[in-house]
Amino acid sequence: MPPIKNTKVSTYLPRLGLSALILCLISGIILTFYYRPMGNVFQNVEEITTLVPYGWFFRQFHYISGQVFVILMLIHTLDHFLKKRYLSYSTGQWFLLILSLCICFFVLFTGFVLKGDKEGFFAGQIFMNILRAIPIAGEWLSKLFIVPGEDFFFLPYLYHCFFLPILLIYLIREHIREWLPDQKALFAGAAGLFLYALIVKPHVDVPPDAAVDMVKGPWFFLGIQTLLKIMHPVLAGLFIPGLFVLCVLILPKTGTAWGRALYYLITTAFCLYGILTFRAIIWGP
Amino acid sequence: MERREFIGKGIKRIFYAIGAIILAYPAFSFMKFRKSRKKRIIFHPDEQTSIVNFKKGVFLLRQGSENYALSDRCTHLGCSLNYDPVSQRFSCPCHGSVFDVTGKWLSGPAKKDLYRVPMTKKANGDIIVTITL
Ligand code: HEM
Ligand code: FES
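Owing to the predicted nature of the structure, the values given are computational and were not obtained by experimental measurement.

Draft legend 1. Just the coordination of the iron atom of ligand 1, in detail. Residue and element names in this part refer to chain A. Ligation of the iron atom of ligand 1 by protein atoms is provided by His62 (NE2) and His160 (NE2), these donors lying 1.9 Å from the ion. Around the iron atom of ligand 1, the six donor atoms are arranged such that angles at the metal cover 88 to 179 degrees; this shape is classified as octahedral. Residue histidine 62 is located in helix H3 (residues 55-82), and its partner histidine 160 is located in helix H7 (residues 154-176); the two are separated by 98 residues in the primary sequence. Across this residue pair, the class does not change: histidine 62 and histidine 160 are buried.

This is how it looks when you write it as structure tokens:
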């Protein structure tokens, strides 16, 4: 093992990320006092923004702390990947950390659905139908995550507010223990996110029944949204992302020659997905 | 490892697996259960006047003296379609599928025609459309 260089990226970003997570959890708990996943969810969220005192602030604060947390976790993982630190992890540890990163994105996605606006509703609809398109088991598998009708937002709500955050904290508990009392990072994070939520106007939510020419998914799924135009839903939505995650998972287990090939394969796939995402941000998916 | 120990471990694992299945089956059955629900949408006579009428997820269309109802769900992955009166087509805002006014698929990843939903006409002129959720 070559000695590991500790750069600023490696030390400060994950600490800030952890602060963002703590602030995100707190603001999320505050939001649940008014948020209801049943009935007219769009109206409920609009009431949070326009009627409930400081509702606009807590929504924006929760949104930005969630985004910052997950983006920092992605950068943190990339940092480990590029420095080949996975070599110092056991396969089990690496597996659980990559699983945690996937859970982060799933929390972000369910949050996107919970808004109950047009984007959120359609994203949920697409997620449900991709699961249903899995041969044989799809129909019942989908019901464990999301169901049509009155209860549409209920399961994503349970996953977003309870199952996934609890699972996530459980999985990373050992990993974060040593930096937990980093008050400087918590303070800096709180100040930055507070200012953002105060100054930056949230984007306007479109009602689910309004007619819009193009509906975009969350930023990290824009590439998949593009792929869905040309590929079978199970291939674009599950198989290809699943294969990518699998390649990352087995990375520490591969020998030197295979390991290097896999490393370049993952880097190429990641860059291609990045290009696809930027293309979709600029010209639409 | 001793042979006997190895067999012992194997038997233990099999018991665990059987135990897990016995627990998992009722759990999954519980978690995936949903009552099948039907939603009724009523188009009153004054809501049937245009060639294309829309209410709560259903397009009611008129061709000559005949009516038919189409679900507004795209047959690709279920986004709601927009109707464009100029081109007389339905288009999907998610991945761009296009359908003609009778619900026939024209282009895009959907590949299937739109679903027709069953409807009945009452004596007072109401048209009742039933969709299963
Ligand atoms: C890992 C932690 C979490 C992340 C990354 C996260 C992220 C998000 C995001 C991005 C949204 C969408 C906000 C928008 O676009 O307006 C959202 C919504 C929401 N989140 Fe979270 N969240 C997390 C944890 C929680 C927890 C623990 C709770 C509650 C106990 C919670 C409650 C809510 C509620 C009620 C909404 C819907 C209201 C809204 O859209 O503003 N979140 N979350
Ligand atoms: S959902 Fe309509 S084209 Fe994909």
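That was the structure; now back to the text.
Draft legend 2. The arrangement of helix H5 (residues 118-132) of chain A in detail. For H5(A), with 15 residues, the first-to-last C-alpha span of 21 Å sits near the 21 Å given by 1.5 Å per residue. Counting buried positions along H5(A) yields 13 of 15 residues, so the element is predominantly enclosed.

Draft legend 3. Inspection of the interface of chain A and chain B at higher detail. On the chain B side, the residues contacting the 24 residues of chain A number 17 residues. Summing both sides of the interface, chain A and chain B together bury roughly 1,900 Å²; the carbon and sulfur share of this comes to 64%. Across the chain A-chain B interface, the total number found is one salt bridge. For B:Arg37, the salt bridge goes to A:Asp151, with nearest N and O atoms at 3.8 Å.

Draft legend 4. The arrangement of the state of the cysteines in detail. The tally for this structure, following the rule as stated, stands at one disulfide over all chains. Paired through a disulfide, B:Cys79 and B:Cys94 show a sulfur-sulfur distance of 2.1 Å. Its torsion about the S-S bond being -90 degrees, the disulfide of B:Cys79 and B:Cys94 is classed as left-handed. In this pair, B:Cys79 is assigned in the loop between strand S4 (66-71) and strand S5 (82-84) and B:Cys94 in the loop between strand S6 (89-91) and strand S7 (98-100), connecting sequence segments 15 residues apart. Each member of the pair, B:Cys79 as well as B:Cys94, is classed as buried. Considering cysteine sulfurs only, A:Cys24 is the nearest to A:Cys161, which forms no disulfide, with 10.0 Å between them.

Draft legend 5. Molecular detail of the site of ligand 1. All names here are of chain A. The full set close to ligand 1 counts 21 residues, and Cys24, Arg59, His62, Lys115 and His160 are the nearest of them. Contact distances for ligand 1 include 2.7 Å between an oxygen atom and a side-chain N or O atom of arginine 59. Take histidine 62: an N or O atom from its side chain is 2.7 Å from a nitrogen atom of ligand 1. Elements represented by at least two residues in the shell around ligand 1 include exactly helix H1 (8-32), H3, helix H4 (91-114) and H7. Among the elements that line the shell around ligand 1, the one with the most residues is H1, at seven residues. Tallied by class, the residues present in the shell around ligand 1 amount to 13 nonpolar, six polar and two charged.

Draft legend 6. Main features of the sheet that holds S5(B). Residues and elements named next belong to chain B. Spatial strand order, S5-S6-S7-S8: four strands in an open sheet with antiparallel pairing. A single partner strand is all that each edge strand has here, and the edge strands are S5 and strand S8 (105-107). For this sheet, the mean inter-axis angle between neighbouring strands, taken without regard to orientation, is 35 degrees. Here two bridges tie S7 to S8, and the two strands are oriented antiparallel to one another. In the sheet register, valine 98 faces S8, and the bridge partner there is serine 107.

Draft legend 7. Region of the structure containing the nonpolar core. In terms of nonpolar packing, the biggest core is built from 85 residues, with A:Phe69, B:Leu61 and B:Phe90 touching the most fellow members. Apart from the residues lying within four places of it in its own chain, the contact partners of B:Phe90 are B:Phe59, B:Leu61, B:Leu70, B:Leu81, B:Asn82, B:Tyr83, B:Ser97, B:Val98, B:Phe99, B:Asp100, B:Val101 and B:Leu114. Counting nine residues, the second largest nonpolar core, distinct from the first, contains B:Ile41, B:Phe43, B:Val58 and B:Val117.

Draft legend 8. Molecular detail of the domain arrangement of chain A. Residues and elements named next belong to chain A. Domain boundaries in chain A define domain 1 (1-203) and domain 2 (216-285). Placing a centre on the C-alpha atoms of domain 1 and another on those of domain 2 gives a separation of 20 Å. At the junction of the two partners, domain 1 supplies 22 residues and domain 2 supplies 22 residues. Taken together, the two surfaces of domain 1 and domain 2 that pack against each other cover about 2,000 Å², and 84% of this comes from carbon and sulfur. Linking domain 1 to domain 2 there are zero salt bridges.

Calculation notes
- Residues numbered from 1 in each chain as written.
- Chains lettered and ligands numbered in written order.
- Predicted model: local features only at pLDDT ≥ 70, side-chain atom pairs only at ≥ 80, totals over all residues.
- Heavy atoms only, no water.
- Donors = N, O, S within 2.8 Å, 3.2 Å for Na, K, Ca; no water.
- Tetrahedral: all angles 85-135°; square planar, octahedral: opposite > 155°, others 65-115°.
- Helix = DSSP H or I, 4+ residues; strand = E, 2+ residues; numbered from the N terminus.
- Buried < 20%, exposed > 50% of the residue type's maximum accessible area, 1.4 Å probe, protein only.
- Expected span 1.5 Å × (residues − 1).
- Contact = heavy atoms within 4.5 Å.
- Buried area = accessible area lost by both parts, 1.4 Å probe.
- Salt bridge = Lys/Arg side-chain N within 4 Å of Asp/Glu carboxyl O.
- Disulfide = S-S within 2.5 Å.
- Near = heavy atom within 4 Å.
- Polar contact = N/O pair within 3.5 Å; in protein donor to acceptor, adjacent residues only side chain to side chain.
- Nonpolar A, V, L, I, M, F, W, Y, C, P; charged D, E, K, R; others polar.
- Pairing = 2+ DSSP bridges.
- Axes fitted to C-alpha atoms, helices over the stretch in contact; angles between N-to-C directions.
- Core = buried A, V, L, I, M, F, W, Y, C linked by side-chain atoms within 4.5 Å.
- Domains from an automatic or database assignment.

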